[in-house]
Amino acid sequence: MMEKSVSELLEISKKDNNKKETLKNETITIKKLLMSKKIKFTGGFGEYFIMSLGLMLLSIITFGLATPYWMYWSLKYFFTRLEIVE
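In this report, the structure presented in the accompanying data block is examined.

Scoring rules and cut-offs
Residues numbered from 1 in each chain as written. Predicted model: local features only at pLDDT ≥ 70, side-chain atom pairs only at ≥ 80, totals over all residues. Heavy atoms only, no water. Salt bridge = Lys/Arg side-chain N within 4 Å of Asp/Glu carboxyl O. Helix = DSSP H or I, 4+ residues; strand = E, 2+ residues; numbered from the N terminus. Buried < 20%, exposed > 50% of the residue type's maximum accessible area, 1.4 Å probe, protein only. Axes fitted to C-alpha atoms, helices over the stretch in contact; angles between N-to-C directions. Parallel < 35°, antiparallel > 145°, perpendicular 65-115°, else oblique. Left-handed = near helix turned anticlockwise from the far one by under 90°. Contact = heavy atoms within 4.5 Å. Nonpolar A, V, L, I, M, F, W, Y, C, P; charged D, E, K, R; others polar. Expected span 1.5 Å × (residues − 1). Arc of directions from axis to C-beta.

1. Notes on the pattern of salt bridges
All told, the structure shown has 1 salt bridge when counted by the stated rule. Here glutamate 47 and arginine 81 are joined by a salt bridge, their closest N and O atoms 3.2 Å apart. One end of the pair, glutamate 47, is in helix α2 (residues 45-61); the other, arginine 81, is in the loop between α3 (67-80) and β2 (82-85), and 34 residues separate them in sequence. Classification of glutamate 47 by relative accessible area gives partly exposed; the value is 41%.

Right under this line is the structure:
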């Protein structure tokens with residue numbers, strides 16, 4: 001087996017910390033960029049309600065087998081109808 005000295009391990013640890021700081025700074029920059037934008041929802045309550053009601057009934061009929069699809073559809077519905085406004 002190959003053993004590393006303490007100084008080598010500390011050097012690796014410093015490099016990892018630098019990478020983490022860089023990622024943290026990039027994340028903060030992305031958050032600031034996204035927070036400066038306005039988000040507009042273009043969906044309608046009626047459309048969501050009718051589809052959700054239908055998927056709820058399908059979940060009841062299939063004894064819960066359609067529930068994951070209902071959850072997937074709900075998330076997809078909301079995120080596809082979000083717009084970033086400049």
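2. Some details on unusual backbone geometry
Of note, the phi angle at phenylalanine 63 is positive, near 55 degrees, even though the residue is not glycine. Structurally, phenylalanine 63 can be placed in the loop between α2 and α3. On the accessibility criterion, phenylalanine 63 (78% relative accessible area) is exposed.

3. Quick look at the packing of α2 against α3
Relative orientation of the contacting elements α2 and α3 amounts to 165 degrees, with a least axis distance of 9 Å. Classified by the angle their axes make, α2 and α3 are roughly antiparallel. The handedness of the crossing between α2 and α3 is right-handed. Residues Glu47, Tyr48, Met51, Ser52, Leu55, Met56 and Ser59 of α2 form the contact with α3, whose participating residues are Thr67, Tyr69, Trp70, Trp73, Ser74, Tyr77 and Phe78. Partitioned by chemical class, the residues of the contact of α2 with α3 number 9 nonpolar, 4 polar and 1 charged.

4. Concerning α2
Helix length check: α2 (17 residues) gives 24 Å between terminal C-alpha atoms against 24 Å at 1.5 Å per residue, within 8%. Turning to α2, its buried residues are Ser52, Leu55 and Ser59. Mapping the buried residues of α2 onto a view down its axis gives an arc of 65 degrees, with all of them on the same face. More than 90 degrees from the buried face of α2, the exposed residues found are Ile50, Ile60 and Ile61. Lining the buried residues of α2 we find α3.

5. Concerning the environment of threonine 67
Within the secondary structure, threonine 67 sits in helix α3. Here threonine 67 falls in the partly exposed class, since its relative accessible area comes to 27%. Sequence separation between threonine 67 and leucine 57 is 10 residues; the distance between their C-alpha atoms is 9.9 Å.

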